[in-house]
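Given next are the chains, with one letter for each unit.
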Amino acid sequence: MAKNSLTLESVRHSLIRQEDSIIFSLIERAHFPINSPTYSQSYVSNSIPAFSGSLLRFVVKETEAPLAKAGRYANPEEHPFFPEDLPPSVVPPHNFAKFLHPPAASININQDIWDTYINKLLQLFVAPGDDGNYASTAASDLVCLQALSRRIHYGKLVAEVKFRESPQEYEPAIRAKDRDTLMKLLTFEKVEEAVMKRVAKKAMMFGQEVTLNNDGNHGKYKVDPSVVSRLYGDWIMPLTKHVEVEYLLRRLD
Ligand SMILES: O=C(O)C(=O)C[C@]1(C(=O)O)C=C[C@@H](O)C=C1
């Protein structure tokens, strides 16, 4: 769909589709135990030349460089975790629709997403333990982080649609830099309840054991549906709303 014809319904539709990517990425990550050396600085500290940080940091940084060259971050819907020192794109520029207000480009909350994912979310949906598969674990984390980042920063588009639909409602709170009123204006509790129910249902459907005679599941899922619901209610939607507020605060600049 052309970006200038986005509506609240169409951006919500995209958020619903992105639920599938997020839930599948969580299921893939939950296939490995926590594998904590993946996140510890000491595990790789003396082995990777000219690098300090965890294996996950190494994998994400090293993956973002070729993606930047391939033009990924020229798309306003994509946000790198390590924007410093990224190489420029080497591909012919694509003329992305200019739907967002230009200051949107300065909003990147990937550091918060990174910290939340590692320190709060992982232990909620991943089993304890260590099977030594640290590189594969980091590769799965990368997919989760990218899916979460895309969804959460999609809040910029949601906020733009809401602003265009009723600027007169938002403008006074933007001018007054009133975050609380903006948060109230953009919150739809019924929609949030529906999101939490739908993601639990999707986690049941996508995470069941499929057998030929329908006897394999016994109420066990690859990720706990109630945890997926909680991840959305406690972290993913609040971070999306945080992006929406940050965007709206810059909307009249
Ligand atoms: O659908 C919206 O209106 C959104 O802003 C998205 C979202 C979400 O993150 O899913 C966030 C805030 C609303 O309260 C409801 C849902």
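For the structure itself, look to the data block above.
Basis of the calculations
- Residues numbered from 1 in each chain as written.
- Predicted model: local features only at pLDDT ≥ 70, side-chain atom pairs only at ≥ 80, totals over all residues.
- Heavy atoms only, no water.
- Helix = DSSP H or I, 4+ residues; strand = E, 2+ residues; numbered from the N terminus.
- Buried < 20%, exposed > 50% of the residue type's maximum accessible area, 1.4 Å probe, protein only.
- Polar contact = N/O pair within 3.5 Å; in protein donor to acceptor, adjacent residues only side chain to side chain.
- Near = heavy atom within 4 Å.
- Areas by Shrake-Rupley, 256 points an atom, 1.4 Å probe, with all protein chains shown as cover.
- 1 Å grid on protein atoms, 1.4 Å probe; cavity = no way out; pocket = protein on both sides within 12 Å on 5 of 7 lines; lining within 4 Å.
- Sits in = over half its atoms within 2 Å of the grid points.

*Asks:* Could you give an account of the side chain of E78, with specific residues and numbers?
*Replies:* Note on placement: E78 falls in the loop between α3 (55-69) and α4 (110-125). Looking at E78, the relative accessible area reads 12%, which means it is buried. A distance of 3.2 Å separates polar atoms of two side chains, one belonging to E78 and the other to R72. A polar side-chain atom of E78 sits 2.8 Å from a polar atom in the side chain of R150.

*Asks:* Can you lay out the site of the ligand for me, pointing to particular residues and giving the numbers?
*Replies:* Neighbouring the ligand are 14 residues; R12, K162, F188, E192 and E244 lie closest to it. Between the ligand and R12, the relevant distance is 2.6 Å, taken from an oxygen atom to a side-chain nitrogen or oxygen of the residue. Note that an oxygen atom of the ligand is positioned 2.7 Å from one of the side-chain N or O atoms of E244. Burial of the ligand by the protein chains amounts to 99% of its free accessible area of 360 Å². More than half of the atoms of the ligand fall within 2 Å of the grid points belonging to the second largest pocket. In terms of residues, the shell around the ligand owes the most to one element, helix α10 (residues 225-249), which gives 4 residues.

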